[in-house]
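Residue-level listing of the chains:
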Amino acid sequence: PPGLPGGDSHESALFELDNVSSFPVTIDRIDLAFASVGLTDLGIEIWSLPGTLGAAMTSALSAWTLEGKTVFRGASGGPGIADDVGICLTQGVHTTMTAQTRCCIYVAVTSGNGQLSSTTTPMYTVYSSAYVVVHAGGYGARYPFGTPFWYRQANVVVHYTIGAPAGAVLQRNQASASLDL
């Protein structure tokens, strides 16, 4: 079947975000890069769980929080172009991270004929980083929360704000930034 290791037609990825700063960080949104150009009408879900990627791999579905879901109307830009899928995370349960904490993110295409653009990266290898948030290597998993596929790292852009969603900005010259992965 088409796709990456495991060949699941509803592509997904599980990865870890680390707040390595001494400030709270709010994940505002996560843009997703899809494997093909021109995809439309894709069901998308973003889930979160506080803690490490290793712990997330054994957590029951009931421990996870659905942060948002939508139908992405596209058209997707394809590999290397992360699309804003329209899920705002600023009021999320686990997407405001206190200093020195971790949050696991599970992104999934839940319906439609499309896959996320991803690469293979060994688990816990730092895939890319920014001053505040580190994006660690992850897994793929059959939706919803099925058997993991070793290793899969989604190509995403993580938008974040330094401070809590109430508007506290702790870094004057860089109130928000994005982390291209």
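Here goes a summary of the coordinates provided. Computed from a predicted structure; not experimentally measured. (Residues numbered from 1 in each chain as written. Predicted model: local features only at pLDDT ≥ 70, side-chain atom pairs only at ≥ 80, totals over all residues. Heavy atoms only, no water.)

Another aspect to go through is the overall build of the chain. Broken down by element type, the chain carries one helix and 14 strands. A buried classification covers 48% of the 181 residues belonging to the chain. Residue pairs at least 24 apart in sequence account for 76% of intrachain contacts in the chain once pairs closer than 6 positions are excluded. When the accessible surface of the chain is totalled, it reaches about 7800 Å², and 54% of it is carbon and sulfur. (Helix = DSSP H or I, 4+ residues; strand = E, 2+ residues; numbered from the N terminus. Buried < 20%, exposed > 50% of the residue type's maximum accessible area, 1.4 Å probe, protein only. Contact = heavy atoms within 4.5 Å. Areas by Shrake-Rupley, 256 points an atom, 1.4 Å probe, with all protein chains shown as cover.)

Side-chain positions along a regular strand alternate between the two faces of the sheet. Burial within strand E3 (residues 42–50) is extensive, with eight of its nine residues counted as buried. Bridge count between E3 and strand E4 (residues 65–72): seven bridges; the pairing is antiparallel. Counted as the bridge partner of Trp-47 is Leu-66 from E4. Pairing analysis gives eight bridges linking E3 to strand E7 (residues 102–111), with the strands arranged antiparallel. (Pairing = 2+ DSSP bridges.)

In this structure, Ala-75 follows Gly-74 across a cis peptide bond, with omega equal to 10°. You can see Ala-75 is positioned in the loop between E4 and strand E5 (82–83). With a phi close to 55°, Asp-41 is a non-glycine residue in the positive phi region. Relative to the assigned elements, Asp-41 resides in the loop between strand E2 (25–33) and E3. Classification of Asp-41 by relative accessible area gives partly exposed; the value is 42%.

The topology assignment puts Arg-29 in strand E2. By relative accessible area, Arg-29 is classed as partly exposed at 27%. In sequence terms Arg-29 and Cys-88 are 59 residues apart; their C-alpha atoms lie 5.4 Å from each other. Here Arg-29 is in contact with Asp-84, Ile-87, Leu-89, Val-157, Val-158 and His-159, once residues within four sequence places are set aside. For Arg-29, the side chain forms a polar contact with the side chain of Asp-31, separated by 2.7 Å. (Polar contact = N/O pair within 3.5 Å; in protein donor to acceptor, adjacent residues only side chain to side chain.)

All right, on to the environment of Trp-64 then. Its place among the elements puts Trp-64 in the loop between helix H1 (53–56) and E4. Trp-64 sits in the buried class, given a relative accessible area of 6%.

Geometry of an aromatic ring pair is reported as the spacing of the ring centres plus the angle between the planes. Inspection of the entire model under this criterion finds two aromatic pairs. Judged by centre distance (5.3 Å) and plane angle (20°), the ring pair of Phe-34 and Phe-72 falls under stacked. Within this pair, whereas Phe-34 is found in the loop between E2 and E3, its partner Phe-72 is found in strand E4, the two being separated by 38 residues in sequence. This pair shows no difference in class: Phe-34 is buried, exactly as Phe-72 is. (Phe/Tyr/Trp six-rings, centres within 6.5 Å; stacked < 30°, edge-to-face > 60°.)

Shape descriptors only; they carry no functional weight alone.
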